[in-house]
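Coordinate inspection notes
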Amino acid sequence: MDQFTLKVPATLESLGKVAEFVLAAADQAGLARQSRYRLRLAVDELATNIIAHGHSAAPTVQSAPLTIEVQAKIDDEALSVVLEDSGVPFDPRQVPPPDDLHLPAEQRKIGGLGVYLALGSVDRFCYERVGDRNRNVLVMNRRPPD
Amino acid sequence: MAFECTVRTGRVAEITLSGDLDAATAEKFHAALEALARPIEGAPTHLVLHMRNLVFLASAGVRVLLTVKQTHFRGLIVYVIAPQEQPLEAMRKAQVHRDFVILDYYPPPTG
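All values derive from a computational prediction rather than experimental measurement. (Residues numbered from 1 in each chain as written. Chains lettered and ligands numbered in written order. Predicted model: local features only at pLDDT ≥ 70, side-chain atom pairs only at ≥ 80, totals over all residues. Heavy atoms only, no water.)

The next thing to look at is the pairing of strand β2 (residues 12-21) of chain B. Residues and elements named next belong to chain B. Burial analysis of β2 places eight of its 10 residues in the buried class, the great majority of the element. Of the strand pairs in this sheet, strand β1 (residues 4-8) and β2 are connected by five bridges, and their pairing is antiparallel. Paired with R8 across the two strands is E14, which belongs to β2. Counting the residues between successive antiparallel strands, the hairpin from β1 to β2 contains three residues, one of them, G10, with a positive phi of roughly 145°. Relative to strand β3 (residues 46-57), β2 is paired through nine bridges, and the arrangement is parallel. By the bridge assignment for β3, S18 is matched with N53. (Buried < 20%, exposed > 50% of the residue type's maximum accessible area, 1.4 Å probe, protein only. Helix = DSSP H or I, 4+ residues; strand = E, 2+ residues; numbered from the N terminus. Pairing = 2+ DSSP bridges.)

Another point: the interface of chain A and chain B. If you look at the interface, chain A gives 27 residues, while chain B gives 29 residues. For the pairing of chain A and chain B, the buried interface totals around 2400 Å² over both sides, and the portion due to carbon and sulfur atoms is 54%. Among the residues of chain A in contact with chain B, A:Y37, A:E106 and A:I110 are the three that bury the most area, contributing 28% of the side total. The tally of links from chain A across to chain B stands at three salt bridges. As a salt-bridge pair, A:R33 and B:E85 come within 3.9 Å of each other at their nearest N and O atoms. Counting across the interface, chain A meets chain B through 12 residue pairs in polar contact (both at pLDDT 80 or more). Only α2 (33-53) and α3 (113-119) of chain A provide two or more residues apiece to the side of chain A that touches chain B. (Contact = heavy atoms within 4.5 Å. Buried area = accessible area lost by both parts, 1.4 Å probe. Salt bridge = Lys/Arg side-chain N within 4 Å of Asp/Glu carboxyl O. Polar contact = N/O pair within 3.5 Å; in protein donor to acceptor, adjacent residues only side chain to side chain.)

Note on pairing: side chains with opposite charge can pair once their charged atoms come close. Across all of its chains, the model carries 12 salt bridges over all chains by this definition. In this structure, B:D20 and A:R40 form a salt bridge, with 2.9 Å as the shortest nitrogen-oxygen distance. Residue B:D20 is found in strand β2, and its partner A:R40 is found in helix α2; the two belong to separate chains. Each member of the pair, B:D20 as well as A:R40, is classed as buried. The salt bridge partner of A:R135 is A:E128, with a shortest N-O separation of 3.0 Å.

Further remarks concern empty space enclosed by the protein. All names here are of chain A. Inspection of the entire model under this criterion finds one cavity of 30 Å³ or more. By volume, the largest cavity amounts to about 100 Å³. Around the largest cavity sit L46, N49, I50, H53, G54, D85, V88, F90, P92, N134 and N136, which together line it. Mapped by element, the contributors of at least two residues to the lining of the largest cavity are α2 and β5 (133-141). (1 Å grid on protein atoms, 1.4 Å probe; cavity = no way out; pocket = protein on both sides within 12 Å on 5 of 7 lines; lining within 4 Å. Points joined across faces, edges and corners; volume = space filled by probe spheres on them.)

Residues and elements named next belong to chain A. Mapped onto the secondary structure, R135 falls in strand β5. Among the residues examined, R135 registers a relative accessible area of 18% and is labelled buried. At a separation of 3.0 Å, a polar atom in the side chain of R135 contacts the side chain of E84. Residue contacts for R135: discarding those within four places in its chain leaves K73, V82, L83, E84, C126, Y127, E128 and V130.

Buried within helix α3 (residues 85-93) of chain B we find B:Q86, B:P87, B:L88, B:E89, B:A90 and B:M91. In this structure, the buried side of α3(B) is in contact with α2 and α3 of chain A together with β3, α2 (59-72), β4 (77-81) and β5 (101-103) of chain B. Phi for B:Q95, located one or two positions after α3(B), is positive at around 60°.

Written out as structure tokens, the structure is:
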């Protein structure tokens, strides 16, 4: 199994580095174009969520800046991307899907789309809280080329 | 890929988007819309969003598209021109594609 790791500050400026990392892993795994894009979208959305909401509600002076650790693991079957952070506990699976998708844009709420797009873009997703860390695992199957 | 957003004012206001539109860049798009919504001359009658070179669209960009219809250009026709397959897929999943007129070219060929 091939495994790669990236650690970045939990800031919007890091999204580009995270994307480069995920796309390089997708290329290494030989993902098809659509799967490559969808995985990048899912990771971008969850990383954005960590950046926006992961910080403790009451950070102390001693608090270390929040970071995001990204791991890519490639085996015969799949590419798995693991996002870990030490922010407040957050299980994306608990976020209800938007209930107003059927409405015209003028009547819709802003928000709630990121997690919905992320979880709907990967073949498998799981979350666990390990100690003081959130662990999001996004899996894309490696399919033979068309 | 770096995000670029260029604006052309007029009765038909146009914004050309290229690169990656995500949470890190959505504010730039939002600012362009704000500028267009407060023109020195008359208010635009249409908005045209050129997306041929937009390669990535995250929910932050979709949210700005929603605000286009909710605030800046409420009630106006907004054209989306030549979106690539994957950004269009994101628009479809978020069910915002129905709120825009999606064309390959603008102005559309006549005859």
